[in-house]
Amino acid sequence: MHKKLYIPGPVEVGLDVMQALTAPMIGHRTAEYAQLHRRVTDGLKQLLNTADPVFLATSSAFGVMEGAVRNLVQKRCACFGNGAFSSKWHDVTVRCGLAADLYEAPWGEPISAAMVERALATGKYDALTVVHNETSTGVMSPLEEIAAVMRNYPEVSFIVDTVSSMSAVPLDLSRLQTDVCLAGVQKAFGLPPGLAVFAVSRRALDKARTTPNRGYYFDFEEFEKNDEKDNTPSTPCISLIYALAHQLDKMFAEGLENRYARHRSLAEATRAWVQKHGFSLFAAEGAGSVTLTCARTDGRTDLELLQKLAGERGYALDNGYGKIKNQTFRIAHMADATLADLEELFDLLEGLLPKTRK
Ligand SMILES: Cc1ncc(COP(=O)(O)O)c(C=O)c1O
C-alpha cells in the first residue's frame with residue numbers, strides 16, 4: 001500500500017514527477033545528455049542567483065558533505081552543530097582524517113553569527129561547515145548574518161548544507177558568497193533520493209586543486225573539468241536529472257516568490273495547528289523552519305502508536321530523530337505540498353490523537 005509521506009525526506013513524489021522519471025534512457029557522453037545537463041545546471045544557477053558552476057553528483061547529500069571537506073579543509077575545520085545532521089558532519093570530517101572542532105548550540109537553538117565570529121577569531125580555521133536548516137530539530141539558522149561574518153574571513157571556506165531548504169527559501173548566492181552550497185533532491189525539490197546538487201565558488205575550485213588526498217568520486221577538479229563539457233565525471237542518475245528538469249520548470253512556472261510564500265504559509269499553518277493542539281514547538285522562538293515543524297509531545301502522546309495507526313490508514317508520519325526520537329514529531333511541508341495536503345493530515349491526526357494520548 002502506498003503511504004502518503006509527511007516525513008521530512010524523502011517527501012511525497014508527485015505522479016507527474018514519476019512520469020518524468022520514465023523518459024527513455026540516453027548515453028551520458030552524448031549531445032542529448034549535455035543539453036539536459038545544461039538545462040538543469042542553468043536552472044539551478046537561476047534558482048540560486050549565481051554565476052558559479054553548479055554540479056550534479058549521483059549520491060545522497062552526505063556524499064557531497066564529505067566531498068566538500070575533503071576538497072577544502074587543508075588546515076582545520078570549524079563544524080557548527082545544533083542537531084543530528086550538523087553534528088554528524090563533524091564526525092564525517094574527522095573520519096576523513098581531517099582536523100576539526102565541533103561548536104555546538106543546544107538542540108532547538110540556531111547557530112548564531114556571534115558563535116561563528118568567536119570560533120573564527122581564533123585564527124585556527126581554513127574551513128567551516130554549517131547546516132542552514134537542521135532537519136532533525138526543525139531549526140533554521142540565520143544564514144545572511146553568518147554570511148556577513150564570513151566576509152571578514154575570506155581565507156575560510158564557507159561550506160553550507162541547504163539540504164532541506166534549497167528551493168523553499170530564497171538563497172541568493174551572489175550575496176551569501178558561499179564556497180559550497182549543497183542539497184539532496186529528496187527534500188524541497190520533491191524528487192526521489194539519489195542526486196545531490198552543489199554550487200562551488202571559483203575561489204573554492206582554485207583551493208581544491210591544491211588540496212592533497214581529495215579522492216576521485218567527489219574531486220571538485222573532476223566536476224569542474226566535466227561540467228565545462230556539460231557532463232559529470234562518472235555516469236549520472238539520468239532519470240533523476242530528467243525529473244529535476246521537470247521540477248525546475250514547475251518552480252519557474254509557479255514563480256519563485258510564490259513558491260517561497262507558499263512554504264511560509266504552510267509553515268505558519270502547521271505551527272498554528274501544533275500549538276492549538278497542545279504541543280510546544282521544538283525550535284526556539286523565531287527559529288522555526290519553513291520546510292518542517294518539529295513539536296514536543298511532553299510525554300503525552302504515544303508516538304509509536306500514532307505512527308502505527310496512521311500507517312494502517314495509508315500515511316507515513318515521523319516520530320522524531322536522533323536523541324529526540326519519540327519525544328518529538330516532525331511534519332514536513334515542503335516541495336509540492338499544499339494547504340489541502342496539510343488539512344488532510346490535520347483531520348487524520350485529530351481523529352487519532354485521542355486514541356494515543358497517555
Ligand atoms: C540537513 C540535512 N543534512 C544532511 C542530510 C543527509 O542527507 P542524505 O541522507 O541525503 O545523505 C539530511 C537528511 O535528512 C539532512 O536533513
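Cut-off values and rules
Residues numbered from 1 in each chain as written. Predicted model: local features only at pLDDT ≥ 70, side-chain atom pairs only at ≥ 80, totals over all residues. Heavy atoms only, no water. Helix = DSSP H or I, 4+ residues; strand = E, 2+ residues; numbered from the N terminus. Rg over C-alpha atoms; globule rule 2.2 N^0.38 Å. Buried < 20%, exposed > 50% of the residue type's maximum accessible area, 1.4 Å probe, protein only. Areas by Shrake-Rupley, 256 points an atom, 1.4 Å probe, with all protein chains shown as cover. Lys, Arg positive; Asp, Glu negative; His and termini not counted. Charge placed at Lys NZ, Arg CZ, Asp CG, Glu CD. Salt bridge = Lys/Arg side-chain N within 4 Å of Asp/Glu carboxyl O. Pairing = 2+ DSSP bridges. Domains from an automatic or database assignment. Contact = heavy atoms within 4.5 Å. Buried area = accessible area lost by both parts, 1.4 Å probe. Polar contact = N/O pair within 3.5 Å; in protein donor to acceptor, adjacent residues only side chain to side chain. Nonpolar A, V, L, I, M, F, W, Y, C, P; charged D, E, K, R; others polar. Near = heavy atom within 4 Å.

**Some details on the overall build of the protein chain**
Within the protein chain, the regular secondary structure consists of 13 helices and 14 strands. In terms of overall dimensions, the protein chain is globule-like: its C-alpha atoms have a radius of gyration of 20 Å, near the 21 Å expected for 358 residues. With respect to the principal axes defined by its C-alpha atoms, the protein chain has extents near 60 × 55 × 35 Å. Counting across all 358 residues of the protein chain, residues that qualify as buried make up 59%. Accessible surface, the protein chain: about 14,200 Å² in total, of which carbon and sulfur atoms supply 53%. Distance between charge centroids for the protein chain: 4 Å, based on 39 positive and 43 negative side chains.

**Brief notes about the pattern of salt bridges**
Throughout the structure, instances matching the rule amount to 24 salt bridges. Among the ionic pairs, glutamate 221 bridges to arginine 214, the shortest N-O distance being 2.7 Å. Exposure remark for arginine 214: the relative accessible area of 13% places this residue in the buried category. Counted as one network, the salt bridges with shared partners bring together Arg202, Asp206, Arg209 and Glu224.

**Remarks on the sheet that holds strand S14 (residues 328–332)**
The strand order across the open sheet formed by three strands is S11-S12-S14, and the pairing between neighbours is antiparallel. The open sheet has two edge strands, strand S11 (280–281) and S14, and neither has a second partner. Where strand S12 (residues 292–296) and S14 come together, five bridges link them in antiparallel fashion. Paired with cysteine 294 across the bridge in S14 is arginine 330.

**Remarks on the domain arrangement of the protein chain**
Each assigned domain of the protein chain is listed here: domain 1 (4–10 + 255–356) and domain 2 (20–252). Relative placement of domain 1 and domain 2: their C-alpha centres are 26 Å apart. Across the contact, 26 residues belong to domain 1 and 30 residues belong to domain 2. Overall, the association of domain 1 and domain 2 removes approximately 2,300 Å² of surface from exposure, summing both partners, and the carbon and sulfur fraction of that is 62%. Across the contact surface, domain 1 and domain 2 share one salt bridge. When the shortest N-O distance is used, the salt bridge between aspartate 336 and lysine 250 registers 3.2 Å. One can count 14 residue pairs in polar contact (both at pLDDT 80 or more) joining domain 1 with domain 2. Elements that contribute at least two residues to the side of domain 1 that touches domain 2 include exactly helix H11 (256–276) and S12. When residues in the side of domain 1 that touches domain 2 are grouped by element, the largest group, four residues, is from H11. A class-by-class count of the residues in the side of domain 1 that touches domain 2 yields 15 nonpolar, seven polar and four charged.

**A short note on the site of the ligand**
Taken together, Ser60, Ala61, Phe62, Met65, Phe85, Val131, Asn133, Thr135, Asp161, Val163, Gln186 and Lys187 make up all the residues around the ligand. Considering the ligand on its own, with 390 Å² of exposed area, one finds that the protein chains cover 88% of that surface. Element by element, the count of residues in the shell around the ligand is highest for helix H3 (residues 61–72), at three residues. Along the lines of polarity and charge, the residues of the shell around the ligand split into six nonpolar, four polar and two charged.

**Describing unusual backbone geometry**
Here the residue pair glycine 9 and proline 10 is connected by a cis peptide bond, since its omega of -5° sits within 30 degrees of zero. Its place among the elements puts proline 10 in the loop between strand S1 (4–5) and helix H1 (15–21). Not every positive phi belongs to a glycine, and glutamine 177 is a case in point at roughly 55°. Within the fold, glutamine 177 resides in the loop between helix H7 (173–176) and strand S9 (180–184). Despite not being glycine, alanine 335 has its phi angle at roughly 65°, a positive value. Structurally, alanine 335 can be placed in the loop between S14 and helix H13 (339–356). The class of alanine 335 is buried, set by a relative accessible area of 1%.

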